[in-house]
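Take a look at the letters that make up each chain.
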Amino acid sequence: MTRMRVLVRPKAGILDPQGQAVERALPALGFDGVDHVHVGRLIELDVADPSRLAEMCEALLVNPLIEDYEIVES
Amino acid sequence: MKFGVLRFPGSCDEVDAQLACERVGEAVILWHGDTDLQGVDAIVVPGGFSYGDYLRVGAIARFAPMMESVIAFAREGGIVLGICNGFQVLCEAGLLPGALLPNQSLRFVCRQVDLVVEDTRTPFTNACEPGATLSIPVKHTTGCWYAPAELHERVEAGGQVLMRYAPGQNPNGSLADVAGVRNEAGNVFGLMPHPEHAVDPLTGSVDGLTLFASIREHLGAHVG
């Protein structure tokens with residue numbers, strides 16, 4: 001089994017109210033110089049055949065209309 | 001005629017939907033783990049929650065055994081109405097265009113809204129007067145309908161937007177004030193507002209009943 005990670009993020013251009021809320025909150029705590037915050041999802045999984053992961057993303061893990069994903073070995 | 005109303009683990013509006021259907025016909029509850037549609041003439045995928053809405057709203061529910069039957073029913077031209085979570089499930093199942101995003105406010109909204117009916121010649125709206133506005137409640141956190149530009153253009157050009165929030169009343173930031181869309185074939189319709197909660201004067205409006213009456217009217221001649 002190989003430990004893999006799928007990073008899921010809102011597609012570019014899609015309004016990301018969670019990211020915006022975080023972006024507003026950080027300066028309020030004194031953390032200036034933060035821009036373009038996006039909040040996504042991390043999926044970790046052990047898979048026997050990592051080559052099938054993209055297929056799994058398209059079928060269930062990601063909604064390609066609204067999300068982009070990146071597959072990385074962890 | 002007989003309606004079938006789906007019940008998922010977490011559904012909470014299926015009884016209201018059943019009662020709304022029973023104002024115009026018969027209605028049975030269809031359990032998500034079964035596959036038998038029990039000979040129903042139309043299907044309602046109700047609101048509430050499904051499978052915890054883990055991953056994304058509606059994402060897991062679309063793989064329920066009963067959903068396989070619903071998808072086959074829809075592909076054969078069967079009438080399917082999705083309300084709120086049901087709308088989300090039908091989008092995830094690929095039966096309706098677009099996706100539902102979290103409300104722009106990131107807050108749960110619960111209020112009465114006015115809906116402009118864009119087309120009164122459909123199985124879901126034929127009982128509405130042309131140019132009608134319906135007063136129906138919304139209650140959701142993930143109701144911001146979205147489609148990429150190219151898909152949105154196609155949906156608009158095809159007249160698939162059947163209902164929009166009245167000007168200034170969009171509760172969730174949905175694209176072009178879209179409240180409900182149909183599929184290309186016209187037999188599947190989903191909307192975020194809850195017509196099943198607006199069928200009795202006790203709750204302030206009976207406008208929601210027109211959707212169920214429309215389905216009845218549309219199928220009436222065939223199913224008696």
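Here the structure is shown first, and the text comes after it.
First things first, this report covers the structure right here in the doc. Everything quoted here is computed from the prediction, not taken from an experiment. Every chain is numbered independently, its residues counted from 1 as its sequence is written. Here every chain gets a letter starting at A, and every ligand a number starting at 1, in the order they are written. Only residues with pLDDT of at least 70 get local features here, since the model is predicted, and only at 80 or more are side-chain atom pairs given and counted; chain-wide, interface and lining totals rely on the full set of residues.

### Quick notes on the overall build of chain B
Assigned secondary structure in chain B consists of five helices and eleven strands. Principal-axis analysis of the C-alpha atoms places the extent of chain B at approximately 40 × 40 × 35 Å. For chain B, the residues scored as buried account for 53% of the 224 residues in total. Here the contact rule is simple: place C-beta atoms from the backbone, and any two residues whose C-beta atoms are within 7 Å are in contact. Taking the intrachain contacts of chain B between residues at least 6 apart in sequence as the baseline, contacts between residues at least 24 apart amount to 75%. Secondary structure elements follow DSSP: runs of H or I no shorter than four residues count as helices, runs of E no shorter than two count as strands, and numbering proceeds from the N terminus. The burial criterion counts other C-beta atoms lying within 10 Å of a residue's C-beta, which is placed from the backbone; the residue is buried at 20 or more, exposed at 12 or fewer, and partly exposed between these limits.

### A closer look at the sheet that holds strand S3 (residues 42-45) of chain B
All names here are of chain B. DSSP calls a pair of strands paired once it identifies at least 2 bridges connecting them. Taking strand neighbours across the sheet as the criterion, the nine strands line up as S2-S1-S3-S4-S11-S10-S9-S6-S7 in an open arrangement whose pairing is mixed. Looking at the sheet topology across the chains shown, the edges are occupied by strand S2 (26-31) and strand S7 (133-140). In this sheet, adjacent strand axes meet at a mean angle of 25° when their direction is disregarded. Axis geometry follows a simple rule: fit a line to the C-alpha atoms, using only the stretch in contact for helices, then measure angles between N-to-C directions, giving values from 0 to 180 degrees. Here helix H1 (residues 14-22) sits on the sheet in contact with strand S1 (2-7), S2, S3 and strand S4 (79-83), set at roughly 175° to S1.

### Thoughts on unusual backbone geometry
Residues and elements named next belong to chain B. The phi dihedral of Asp 53 falls on the positive side, at around 50°, and the residue is not glycine. Tracing the sequence through the fold places Asp 53 in the loop between S3 and helix H2 (65-75). At Ala 176, a position not held by glycine, the phi torsion is positive, near 50°. A tally of 13 C-beta atoms within 10 Å means that Ala 176 is categorised as partly exposed.

### Structural notes on the nonpolar core
Counting residues in each nonpolar core, the largest one holds 66 residues, and the members touching the most others are Cys21(B), Val44(B) and Leu90(B). The contact partners of Leu90(B), leaving out residues within four places of it in the chain, are Val45(B), Gly82(B), Leu95(B), Leu96(B), Val188(B) and Gly190(B). Structurally, a nonpolar core is described as a collection of buried Ala, Val, Leu, Ile, Met, Phe, Trp, Tyr and Cys residues joined by way of C-beta atoms within 7 Å.

### Topic: the sheet that holds strand S1 (residues 2-10) of chain A
All names here are of chain A. On the basis of which strands lie adjacent, the open sheet formed by three strands has the order S2-S1-S3 and antiparallel pairing. Edge positions in the sheet fall to strand S2 (41-47) and strand S3 (67-73), since each has one partner strand and no second. Across the sheet, the axes of successive neighbouring strands diverge by a mean angle of 25°, strand direction being ignored. Judged from the seven bridges that link them, S1 and S2 form a sheet pairing that is antiparallel. Considered in S2, the bridge of Val 8 is made with Arg 41. In the packing of helix H2 (residues 53-61) onto the sheet, the strands contacted are S1, S2 and S3, and the crossing angle to S1 comes to about 45°.

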